[in-house]
Amino acid sequence: MGDVFLTNKDYIRVRNMNMVSYGGNQSWCKSKKLQNHGCGVVALADISIYLAEQNPNMMTEAIRRISKPNGLYNKNDYLDYVKFFYNRFVIFFLFRGMTGFGMKFAMNRYFLLNDIGLKAKWKMFLSDEAMLKDINHLIRKNKPVVLSIGPNIPKIWEKKGITFYVNKDGRMRESLKHNVHSHYVVVTGITEIHGQDYLLVSSWGKQYYINYEEYRDYVKNSGGRITSSILYIKGVI
């Protein structure tokens, strides 16, 4: 597939005390509901910020209010924006968070109310090749991609999941995040390492890698192709 990344490889940087994040982190939220199930909300809020940064015609007053000293977003301002996004655009938030259709509805509501000429679609039943091709296309168009690592279907009580990796001097090492499921991440790039495709993702305010083959094995054996899929943003930017 070859390597491809968003134009701004730093994605969204938020200052968190002496650390600099890679995207937002739901655990920062004051609301217990968002702390536990707000990964989808954070993913959509981050994408709205990224698109506005890259395209002045997509800038909104709410995003403009987030202070950004020295190129790093102020954490409190950022969280105020996440709360605003949740209250203004998210309608279908279930007891376990948002479904893919809820993600589509919220993103389209954001686009519509801000007069942004894009449209989101929750894709289903994608093959291994089709999903990777779609992600590659969107990243090349400088559009971040929401990826769902869905729940175990139909055995929703099970806790099978995938491992997140970190890049240590060009080699993939297992992170402390194992058996990740029922979670949304934002894909910001694709890279090939030792013949394997890895998705570069933003999750919990950090940069991780997902082995694409392992992810697709999870989709086939535990996750299902309806809930484990991508949010596809159509339109020219």
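Before any of the text, the structure's been laid out above.
Residues numbered from 1 in each chain as written. Predicted model: local features only at pLDDT ≥ 70, side-chain atom pairs only at ≥ 80, totals over all residues. Heavy atoms only, no water.

Asker: Please clarify how the pattern of salt bridges should be interpreted in this entry.
Answerer: If charged atoms from side chains of opposite charge come close, those side chains can pair. For the structure on display, the rule yields 6 salt bridges. Of the charged contacts in the structure, one is a salt bridge between Arg 216 and Asp 128, with a shortest N-O distance of 2.8 Å. One end of the pair, Arg 216, is in helix H7 (residues 212-223); the other, Asp 128, is in helix H6 (residues 128-140), with 88 residues separating them in the sequence. Classification of Arg 216 as buried rests on a relative accessible area of 3%. Note on Asp 128: relative accessible area 22%, which makes it partly exposed. A salt bridge links Lys 220 to Asp 128; the shortest N-O distance between them is 2.9 Å. Here the residue Lys 220 occupies a position in helix H7, and Asp 128 occupies one in helix H6, the gap between them amounting to 92 residues. Judged by relative accessible area, which is 54%, Lys 220 ranks as exposed. Each of Asp 128, Arg 216 and Lys 220 takes part in salt bridges that share partners, so that together they form one network. (Salt bridge = Lys/Arg side-chain N within 4 Å of Asp/Glu carboxyl O. Helix = DSSP H or I, 4+ residues; strand = E, 2+ residues; numbered from the N terminus. Buried < 20%, exposed > 50% of the residue type's maximum accessible area, 1.4 Å probe, protein only.)

Asker: Would you take a moment to explain the packing of helix H2 (residues 39-54) against helix H5 (residues 100-113) for this structure?
Answerer: Viewed as axis vectors pointing N to C, H2 and H5 meet at an angle of 30°, and their least axial separation amounts to 11 Å. Our classification of the angle between H2 and H5 gives roughly parallel. Remark: the crossing between H2 and H5 carries right-handed chirality. On H5, the residues that touch Gly 40, Leu 44, Ile 47, Ser 48 and Leu 51 of H2 are Met 103, Ala 106, Met 107, Tyr 110 and Phe 111. Of the residues contributing to the contact of H2 with H5, the split by class is 8 nonpolar, 2 polar and no charged. (Axes fitted to C-alpha atoms, helices over the stretch in contact; angles between N-to-C directions. Parallel < 35°, antiparallel > 145°, perpendicular 65-115°, else oblique. Left-handed = near helix turned anticlockwise from the far one by under 90°. Contact = heavy atoms within 4.5 Å. Nonpolar A, V, L, I, M, F, W, Y, C, P; charged D, E, K, R; others polar.)

Asker: In this structure, what is going on with the sheet that holds strand E4 (residues 73-74)? I would like to understand it.
Answerer: Paired through their backbone hydrogen bonds, the strands of a sheet run either parallel or antiparallel. Read across the open sheet, the 3 strands follow the order E3-E2-E4; overall the sheet is mixed. Because the sheet does not close on itself, it has two edges, and the strands there are strand E3 (19-20) and E4. Bridge analysis of strand E2 (residues 14-16) against E3 gives 2 bridges, and the strand direction is antiparallel. Residue pairing across strands places Asn 16 opposite Met 19, the latter belonging to E3. (Pairing = 2+ DSSP bridges.)

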